[in-house]
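Observations on chain architecture
The residues making up each chain are set out below.
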Amino acid sequence: MIPRALARLPRMSFPTPRQAAIYVATALSIGIIVGAAIGPSAPQAKQVLVGSTGTASAHGGASSPAPADAPAALGAPTGDVAADSPPSAPAPASAASAPAAPDAAPAVEPAVPLGDAPPAAGPAPQAGQPSDESDLAGTVVHTNPAAGSYTLATAQGEMIAVHTAKLPDPGVKVRATIRHLANGSMSEVKRTDKGSERTAKLGGTVTYVAEDGKSYVVSVRGVSLLVTAPDFTVGERPKLRSLVTLAVRLEDPPSGVKPPVILRETTLKLEGDATGPVELEGKVAGVDASARTITLSADDRGDTHKDLTLTVPGAIDLGRFKRGDVLIAGADITPQGTYTLTGSWQDGDIRRADDPVNAQGDQAP
């Protein structure tokens, strides 16, 4: 007997077998779709992460080269990261897969041209003239107050005229740093005294011989100094234009005598005769415009108390000479003792010695 409550329920009809099959197929389809939406039902294929150079990541797998303009791969994120990422959002490449940044190229200092070296101290050198500095050592054998210079005799017998603001005493051994001047003399940069010496070796051209033969003048560029002959002489004596090498002894002069030192010849060697113009140094004692001559002291200090008369050719401007000028002079000297000026250069101080505007004739650069 059916209970009364159940009897009041409506009667339910069961589907036919065909309808049931359709219902089951439909339910299964819906379940597959829903399952795919909420999560994968099977393991996914492993991802291949490629850096900017196309290198495969640690996950393995082949890779293809990245485009040249592809941006650099970012480093791996820090913190907790999901083990698997959805296909629509690939995981960023790890730091290990990112290429190392190239080392920065070291900065290269631009080369400084050799020509940009700072110039030597003193007046600016003229074109074509030497301006380097060098060191010299020797004995001071002569001073020329009118030119502000002293003569340094080296161990080899070379005589060098050196301009300076303060003249050393004759007989002092020095080591000096010098700068070449345009007229062939030197300018002192610094000087160190190294004791004293009473002998020296000299060399040059004889440009004056005293009538009594007891003294003569030896000249090189910028220097004309007086040498006293020994009391007793043996053999051939120097004459005008003789090339000589000699040794001298530095002696103190008698009281009241003008030169600060006497250069006494101890040995003499004649080396032949000079050819062509020779060079000497002297102070202008007079100018004769009508005769076109100048008179020049036979030695640069005037210790001989003798003057030389030089004929001035028309190519040289006689009006540029005046009494008291100190000159480097080029001269043709005959055996008879006549002198013809071939050129000149003012040598009264460093400025004039280093300026070619003060040169004439064969002394001009």
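This is a predicted model, so every value here is computed, not measured. (Residues numbered from 1 in each chain as written. Predicted model: local features only at pLDDT ≥ 70, side-chain atom pairs only at ≥ 80, totals over all residues. Heavy atoms only, no water.)

**Some points on the overall build of the protein**
Looking only at helices and strands, one finds three helices and 16 strands in the protein. Across the 365 residues of the protein, 35% fall into the buried class. (Helix = DSSP H or I, 4+ residues; strand = E, 2+ residues; numbered from the N terminus. Buried < 20%, exposed > 50% of the residue type's maximum accessible area, 1.4 Å probe, protein only.)

**Thoughts on unusual backbone geometry**
In this structure, Arg 241 is a non-glycine residue whose phi angle is positive, near 75°. Along the chain, the position of Arg 241 falls in the loop between strand 8 (223-228) and strand 9 (242-251). Positive phi, normally seen in glycine, also occurs at His 305, with a value near 60°. By secondary structure assignment, the location of His 305 is in the loop between strand 12 (293-297) and strand 13 (307-311).

**Points about the side chain of Thr 177**
Mapped onto the secondary structure, Thr 177 falls in strand 4 (residues 172-180). The residues touching Thr 177, leaving out its near neighbours within four places in the chain, are Glu 133, Ser 134, Asp 135, Ser 187, Glu 188, Val 189 and Lys 190. (Contact = heavy atoms within 4.5 Å.)

**Some points on the sheet that holds strand 2 (residues 149-153)**
Strand order in the closed barrel made by the five strands is 1-2-3-5-4, with mixed pairing throughout. Taking the axes of each pair of neighbouring strands and ignoring which way they run, one obtains an average angle of 50° across the sheet. Relative to strand 2, strand 1 (residues 133-144) is paired through five bridges, and the arrangement is antiparallel. Within strand 2, the residue paired with Asn 144 across the bridge is Ser 149. (Pairing = 2+ DSSP bridges. Axes fitted to C-alpha atoms, helices over the stretch in contact; angles between N-to-C directions.)

**Comments concerning the pattern of salt bridges**
Taken as a whole and judged by the stated rule, the model has 12 salt bridges. We note a salt bridge from Arg 249 to Glu 251, for which the minimum N-O separation is 2.6 Å. Classification of Arg 249 by relative accessible area gives partly exposed; the value is 38%. Its relative accessible area of 18% is what places Glu 251 among the buried residues. Overlapping salt bridges, with partners in common, bring together Glu 188, Arg 191 and Asp 193 in one network. (Salt bridge = Lys/Arg side-chain N within 4 Å of Asp/Glu carboxyl O.)

**Concerning the environment of Thr 334**
Inspection of the secondary structure assignment puts Thr 334 in the loop between strand 14 (326-333) and strand 15 (339-346). Thr 334 sits in the partly exposed class, given a relative accessible area of 27%.

**Remarks on the side chain of Asp 303**
As for its position among the elements, Asp 303 is in the loop between strand 12 and strand 13. Other than its neighbours up to four places away in sequence, Asp 303 contacts Leu 226, Lys 258 and Pro 259.

**Description of the confidence of the model for the protein**
Per-residue pLDDT for the protein has a mean of 77; in total, 64% of the residues score no lower than 70. Overall, residues 1-11 carries pLDDT values under 50, and its contacts beyond four positions in sequence, including any with other chains, amount to one contact. Ignoring residues within four places in sequence, the model shows residues 40-130, a span with pLDDT below 50, making 66 contacts including any to other chains. (pLDDT = per-residue confidence, 0-100.)

**Structural notes on the pairing of strand 8**
In the sheet, strand 7 (residues 215-220) pairs with strand 8 via six bridges, with the strands oriented antiparallel. Across the sheet, Tyr 216 pairs through a bridge with Val 227, a residue of strand 8. Between strand 7 and strand 8, which follow one another and run antiparallel, lie two residues, and Gly 222 among them has a positive phi close to 85°.

**Quick notes on the pairing of strand 4**
Burial analysis of strand 4 places seven of its nine residues in the buried class, the great majority of the element. When strand 1 meets strand 4, the two strands line up antiparallel, connected through seven bridges. Bridge pairing in strand 4 places Ala 137 opposite Arg 175. In terms of strand pairing, strand 4 meets strand 5 (residues 186-196) through eight bridges, oriented antiparallel. Looking across to strand 5, one finds that His 180 is bridged to Met 186.

**Notes on the nonpolar core**
Counting residues in hydrophobic clusters, the biggest one holds 23 residues, and the most contacted among them are Ile 294, Leu 296, Leu 310, Phe 321, Ile 333 and Leu 341. For this core, the secondary-structure elements that each account for two or more residues are strand 11 (278-288), strand 12, strand 13, strand 14 and strand 15. Considering every element that reaches this core, the biggest residue donor is strand 14, with four residues. Non-local contacts of Leu 310, meaning those with residues more than four positions away in its chain, are made with Arg 292, Thr 293, Ile 294, Leu 296, Ala 331, Tyr 339 and Leu 341. (Core = buried A, V, L, I, M, F, W, Y, C linked by side-chain atoms within 4.5 Å.)

**A few points about the environment of Leu 243**
Here Leu 243 lies in strand 9. Leu 243 sits in the partly exposed class, given a relative accessible area of 28%. Residues Leu 243 and Asp 273 lie 30 residues apart in sequence; the distance between their C-alpha atoms is 5.4 Å. In contact with Leu 243, not counting residues within four places along its chain, are Gly 204, Thr 205, Lys 269, Leu 270, Glu 271, Gly 272, Asp 273 and Ala 274.

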